[in-house]
Amino acid sequence: MGYGTTFKRLWVYMSKYKPMYVLLAVTTTVSIALELSIAWFLNIITDAAVQFNMDKWIDFIFVGAVILIVYGLNTYIDNYFKSKVSMNVRNDIRIDMMNHVLRLPHSFFSNSHSGDLLSRFTNDNQVIGDASGRIIVDLVKNPLLAVAAFSYLMYIEWRLALICISIGPLMMMIGKVFGSTVRKTSNNMQLKQGKVTSFLQDILGADHIFKMFNLEKKLMNQYIDHCADVIKIEKKLGKINAAANASSTVVGNLTFVIAILLAGYFVAKGSLNVGSMIAFIQLMNYLVMPFTVIPTLWANMQQALGGAERTFVILDHPVEYNDIQEQEISRKPFTSLKLSSVSFGYPLSDSKSTISDISFEIKEGQKIAIVGLSGGGKSTLFKLLLGLYPPDQGLIQINGRDIREIGIREQRNYFSYVPQENYLFSGTIKDNILDGNHSADEYELIAASQQANAFEFISKFPNGFASDIGEKGKSLSGGQKQRISIARAILRNSPVLLLDEATASLDQESEKIVQDALQKLMQGRTTIVISHRLSTTIDADCILVVEDGRIVEEGTHEQLMMRQSRYFALYSSQKEEEQERLYSVT
């Protein structure tokens, strides 16, 4: 995407605030007029002083006061609306990004680092806002100020004006020489800052891990390396900016010195009065200064367009559905779920297929257990059922209908999901449970927490359901978080329940409580459960043994035990481990 195209897309956001830009055009015009009026004011004051003319001094004081008051008021309005339009554009882009990101497919998040996304929401968004307000207005104002100052200089002394305007082409050449390098280096800086943000996000949320494994020194060294990379880019950018500023300053001051020497010469000859020379000096500042800052402003605009391009890359990514809708709770009847020769492989996976030729059917009210070693494709199967990935081959049907005809929202509404690693959002216990059903009343909230064996520990908190759980529920134990997630699933009340090793990470006492809650949750529901503890799968209507993405055995517990094959080996091995653990405890 070229920067011209990027600016056109950015202008779509900016054009929503045309009245503000019209007002900024007025304040910019007034500002330029005031700048010139100061030069004019210095001219008449100086001439009056040289001529010892005191008759109009009261008038001069009044005019000066008016200029200062208008200047201050105009500056306030100008800065306020620059900030306001920047804030509005930033906010619009943030909202559009969030609206889009929430509709992105699971595959996008799997292949992106959350820290990089966060950087685009923050760092890139900030520079885009600055460009939409201060930078773009100043890019317009400074050339206009230079033209106005040049016109006034022509009025005062055309020969001096021509010497002064010669700075323009030189400054443009400097901007062209350094601009592309500044843009490239600035883009590298943004990318590196995104990586640093990603690194910080990784470690700041995992203090128990780096403390447990004594990783402080390793992480500190890695952070030092990241900072060294940032400093390296900053130094390079500093050198480029320093060279650009030094070049523009030398050219500007050289032009200024030459013009002043000539102005003094003209005053000495009597062809230019002192007041005009003072006005000329002031106008020189207005002529030189714009050309001096334009290269920096242009570099900042290029950096902002780089940030905008990174933002639009996200906004251009295909989404799962066209709009965000209110939460829907499925009350549709469920009769069957059928998979026919389903195969799937992750796009970036080295293996040809994670799941291969999976077929099974589950009827209303049945329970299917999926067992097998880690990495066999069990959790991937759940992702297909939840529509997080489409199958590469085969057919998934709900109530005899192809999921591609149903639509992804309706497909997901058939399922309640309790994963092994549950995620709770910052906020209160009540907020997190009601995520299962926003329209649930207080009675349903309490009933769900009781059924999930969570009501007792919730009641012990000083604020009960209004207790804040902290970031990702860090103020709760693993068992407590799991029970809240079960209460959330209970409120969702979908006909099919997916349990992905929901007790695998819990201690024995918590596991018993959570397992009891899960048994209540499964009552009257069609259930597909991935279980590491085979003793919980005995009552399943069908057990699927999955290895390397394939179903290698299926049947009831009794049937599989009689075959004395893979399931028998897994079950017997677990029983031996449990007996050894029990023996070691006693």
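Predicted model, so just to flag it, every value in this text is computed and none were measured.

A. Geometry of the pattern of salt bridges. All chains considered together, the criterion is met by 14 salt bridges. Here Asp-402 and Arg-404 are joined by a salt bridge, their closest N and O atoms 2.7 Å apart. On the basis of relative accessible area, Arg-404 is assigned to the exposed category, the value being 66%. Here the residues in one salt-bridge network are Asp-78, Lys-82 and Asp-138, joined through shared partners.

B. Inspection of the UniProt feature "transmembrane region" (unreviewed entry) in the chain at higher detail. Mapped onto this numbering, the UniProt entry gives "transmembrane region" (unreviewed entry) at residues 21-45, 57-77, 135-154, 160-179, 242-268 and 274-294. In residues 21-45, helix accounts for 100% and strand for 0%; the two terminal C-alpha atoms are 35 Å from one another. Along residues 57-77, the helical share is 100% and the strand share 0%, with 30 Å between the first and last C-alpha atoms.

C. Seen up close, the packing of helix α15 (residues 442-451) against helix α17 (residues 478-492). Remark: α15 packs on α17, axes separated minimally by 8 Å, with the N-to-C direction vectors making an angle of 125°. Overall, the two elements α15 and α17 adopt an arrangement that is oblique. The chirality of how α15 crosses α17 is right-handed. Taking contact as the criterion, the partners of Glu-444, Ala-448, Ser-449 and Gln-451 in α15 are, on α17, Ala-487, Ile-490 and Leu-491. Classifying every residue of the contact of α15 with α17 gives four nonpolar, two polar and one charged.

D. Summary view of the environment of Ser-31. Mapping Ser-31 onto the fold places it in helix α2 (residues 18-50). It is 8.8 Å that separates the C-alpha atoms of Ser-31 and Asp-78, two residues lying 47 residues apart in sequence. If we skip the residues at most four places from it in the chain, Ser-31 touches Asn-74 and Lys-141. Side chain to side chain, Ser-31 and Lys-141 meet in a polar contact 2.9 Å long.

E. Up close: the nonpolar core. Ranked by internal contacts, the top residues of the largest apolar core, which has 38 residues, are Ile-433, Ile-486, Leu-521 and Tyr-567. Ranked by the residues each element gives to this core, the list is headed by α17, at six residues. Setting aside anything within four residues of it in sequence, one finds Leu-521 in contact with Val-418, Gln-451, Ile-486, Ala-489, Ile-490 and Leu-497.

F. Fine view of empty space enclosed by the protein. Tallied over the full model, the rule gives two cavities of 30 Å³ or more. Of the voids in this model, the second largest cavity is the one considered here, and its volume is about 50 Å³. In this structure, the second largest cavity is lined by Ile-355, Ile-358, Phe-360, Ile-370, Gly-376, Gly-377, Lys-378, Leu-381, Leu-544, Val-546, Gly-549 and Ile-551. Mapped onto the lining of the second largest cavity, the elements with two or more residues apiece are β2 (355-363), α11 (378-385) and β9 (542-547). With three residues, β2 is the single largest residue contributor to the lining of the second largest cavity. Counted by class, the lining of the second largest cavity contains eight nonpolar, three polar and one charged residues.

G. Layout of the packing of aromatic side chains. Taken as a whole and assessed by the stated rule, the structure comprises twelve aromatic pairs. Summarising the aromatic geometry, the rings of Tyr-13 and Phe-312 are spaced 6.5 Å apart at their centres and angled 20° between planes, so their arrangement reads as stacked. One end of the pair, Tyr-13, is in helix α1 (residues 3-14); the other, Phe-312, is in helix α10 (residues 274-315), and 299 residues separate them in sequence. For the pair Tyr-13 and Phe-312, a shared accessibility class is recorded, and that class is buried. Ring centres of Tyr-567 and Tyr-571 lie 6.1 Å apart, and the angle between their planes is 25°; on these two criteria the pair is classed as stacked. Of the two residues, Tyr-567 and Tyr-571 both sit in helix α20 (residues 566-585), four residues apart, roughly one turn of that helix. Assigned by exposure class, Tyr-567 and Tyr-571 land together as buried.

H. Region of interest: the pairing of β9. Counting buried positions over the six residues of β9 gives five, a clear majority of the element. Two strands pair when backbone bridges link them, and β9 and strand β10 (residues 550-555) are joined in this way by five bridges, in the antiparallel orientation. What sits directly across from Val-546, in β10, is Ile-551. What sits between β9 and β10 in their antiparallel hairpin is a turn of two residues, with Asp-548 showing a positive phi close to 50°.

The rules behind these values
Note that residues are indexed from 1 along each chain, following the sequence as it is written. In keeping with the model being predicted, local features are shown solely for residues with a pLDDT of at least 70 and side-chain atom pairs are shown and tallied solely at 80 or more, while totals for entire chains, interfaces and linings include all residues. To get the side-chain values, take all heavy atoms of the structure and skip hydrogens and water. In the sections that follow, a salt bridge refers to a side-chain nitrogen of Lys or Arg positioned within 4 Å of a carboxyl oxygen of Asp or Glu. For every residue, the accessible area (1.4 Å probe, protein chains only) is compared with the maximum for its type, and the residue is labelled buried under 20%, exposed over 50%, or partly exposed between those bounds. UniProt positions are given in the numbering used here, feature names are shortened, and annotations may be inferred rather than shown by experiment. Strands are runs of DSSP state E lasting at least two residues, helices are runs of H or I lasting at least four, and both sets are numbered from the N terminus onward. Orientation is described by lines fitted to C-alpha atoms, with helices fitted over the stretch in contact, and by angles between N-to-C directions that extend from 0 to 180 degrees. By the definition adopted for this analysis, an angle is roughly parallel if under 35 degrees, roughly antiparallel if over 145, roughly perpendicular if from 65 to 115, and oblique otherwise. The hand of a helix crossing depends on one turn: near helix anticlockwise from the far one by less than a right angle means left-handed, and clockwise means right-handed. Every residue pair with non-hydrogen atoms within 4.5 Å of one another is taken to be in contact. Side-chain classes follow a simple rule in which Ala, Val, Leu, Ile, Met, Phe, Trp, Tyr, Cys and Pro form the nonpolar group, Asp, Glu, Lys and Arg form the charged group, and the remainder, Gly included, forms the polar group. Two N or O atoms form a polar contact when they lie within 3.5 Å of each other; inside protein one atom must be a possible hydrogen donor and the other a possible acceptor, and for residues adjacent in sequence the pair counts only when both atoms belong to side chains. Buried Ala, Val, Leu, Ile, Met, Phe, Trp, Tyr and Cys residues that are joined via side-chain atoms within 4.5 Å together make up what is termed a nonpolar core. Method remark: on a 1 Å grid restricted to protein atoms, a set of points is classed as a cavity if a 1.4 Å probe fits but cannot get out and as a pocket if it is open with protein on both sides within 12 Å along at least five of seven lines; lining residues have an atom within 4 Å of a point. Grid points are joined across faces, edges and corners, and a volume is the space filled by probe spheres set on the points. Stacked, tilted and edge-to-face are the three classes applied to pairs of Phe, Tyr and Trp rings, where Trp contributes its six-membered ring and a pair requires centres within 6.5 Å; stacked means planes under 30 degrees apart, edge-to-face means over 60, and tilted covers the rest. For two strands to count as paired, DSSP must find a minimum of two bridges between them.

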